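# Results of the structural survey
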Amino acid sequence: MAVDSPSGPSGPVRVVLADDESLLRAGLRTVLEARGTVAVVGEAADGDGLIAAVDEHRPEVVLADVQMPGRSGLDALRVLCARPDAVPAAVLTTFDLDEYVTEALRIGVQGFLLKDAEPEALIRAVLDLAAGGAVLDPRITARLLPRLVPEPAPRPPRPADLTLRETQVLRLLADGESNATIGYRLGLAEATVKKYVSALLVKLGAENRVQAALLAQSWGA
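Residues numbered from 1 in each chain as written. Predicted model: local features only at pLDDT ≥ 70, side-chain atom pairs only at ≥ 80, totals over all residues. Heavy atoms only, no water.

The next point concerns the nonpolar core. In this structure, L50, V62, L77, V109 and F112 are the most contacted members of the largest nonpolar core, which totals 30 residues. Broken down by secondary-structure element, the contributors of at least two residues to this core are β1 (13-18), α2 (47-57), β3 (61-65), α3 (73-81), β4 (89-93), α4 (98-107) and α10 (209-218). Counting residues per element, this core draws most heavily on α3, at five residues. Each residue touching V62, except ones within four places of it in the same chain, is listed here: V16, L50, V54, L77, V87, P88, A89 and A90. Of all hydrophobic cores here, the second largest spans 19 residues; its members include L122, A125, V126 and V135. (Core = buried A, V, L, I, M, F, W, Y, C linked by side-chain atoms within 4.5 Å. Buried < 20%, exposed > 50% of the residue type's maximum accessible area, 1.4 Å probe, protein only. Helix = DSSP H or I, 4+ residues; strand = E, 2+ residues; numbered from the N terminus. Contact = heavy atoms within 4.5 Å.)

Okay, structure coming up:
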């Protein structure tokens, strides 16, 4: 069970939510705002609207469907994730959209959530994303793992030169924990954790912490 860091945001986490189904957006807003820790500050029904909402509201987290009319959510996320000040983003998906999830991973999306996730899981996911963590719904992890390395190439083996501390950091990274929480649990400064994460990405050959977390889960870290 994850242990929260001793400090948190001064107010609700600001979220922009994008989905072309207005009823789904309304339901997600109700769920996310139920405990007062998340505030949906903007909504969008297409990719252009998503980019505009992010520019207008400056959220801390973006939740977006990948398939929307006009400019797709995936294309909008590609633009948003390429920015130097990119906002942490999670894809809202369904089991039949694996190819979109894979592309989202490649462009730098930090979370993957199923639209029917439990309310508490959605709220926790937003809080973790805002804190710099990676969010992986356990039900889609197994579907993503085979796509990290296309067949027929084998899944990369676990590096043999990981130190004890790197292994500890990797285990928490696999749980989707933020750098702040990892530091809190291991008694390390956040800057030190960042150095460990950077070193792990190099050793694992991963492009980002989400890929590192997926690989770690495949090794049972």
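Now that the structure is up, let's keep going.
Spatially, the six strands line up as an open sheet ordered β2-β1-β3-β4-β5-β6, and their pairing is parallel. Every other strand in the sheet has two partners, leaving β2 (38-44) and β6 (135-136) as the edge strands with one partner each. Strand direction decides the pairing type here: β1 and β2, joined by six bridges, are parallel. Among the inter-strand pairings, R14 is bridged to a residue of β2, identified as A39. Across the sheet, helix α1 (residues 22-32) lies against β1, β2, β3 and β4, angled at about 165 degrees from β2, the strand it touches most. Running at roughly 130 degrees to β3, helix α5 (residues 119-130) makes contact with β1, β2, β3, β4, β5 (111-114) and β6 of the sheet. (Pairing = 2+ DSSP bridges. Axes fitted to C-alpha atoms, helices over the stretch in contact; angles between N-to-C directions.)

Attention now moves to the packing of α1 against α5. Here α1 crosses α5 at 75 degrees, and the two axes come no closer than 9 Å. By the criterion of interaxial angle, the relationship of α1 to α5 is roughly perpendicular. In this structure, α1 contributes L28, V31 and L32 to the contact, and α5 contributes P119, L122, I123 and V126. (Parallel < 35°, antiparallel > 145°, perpendicular 65-115°, else oblique.)

Take unusual backbone geometry next. Phi at R58 is positive, roughly 50 degrees, even though this residue is not glycine. Accessibility expressed as a relative area gives 54% for R58, which makes it exposed.

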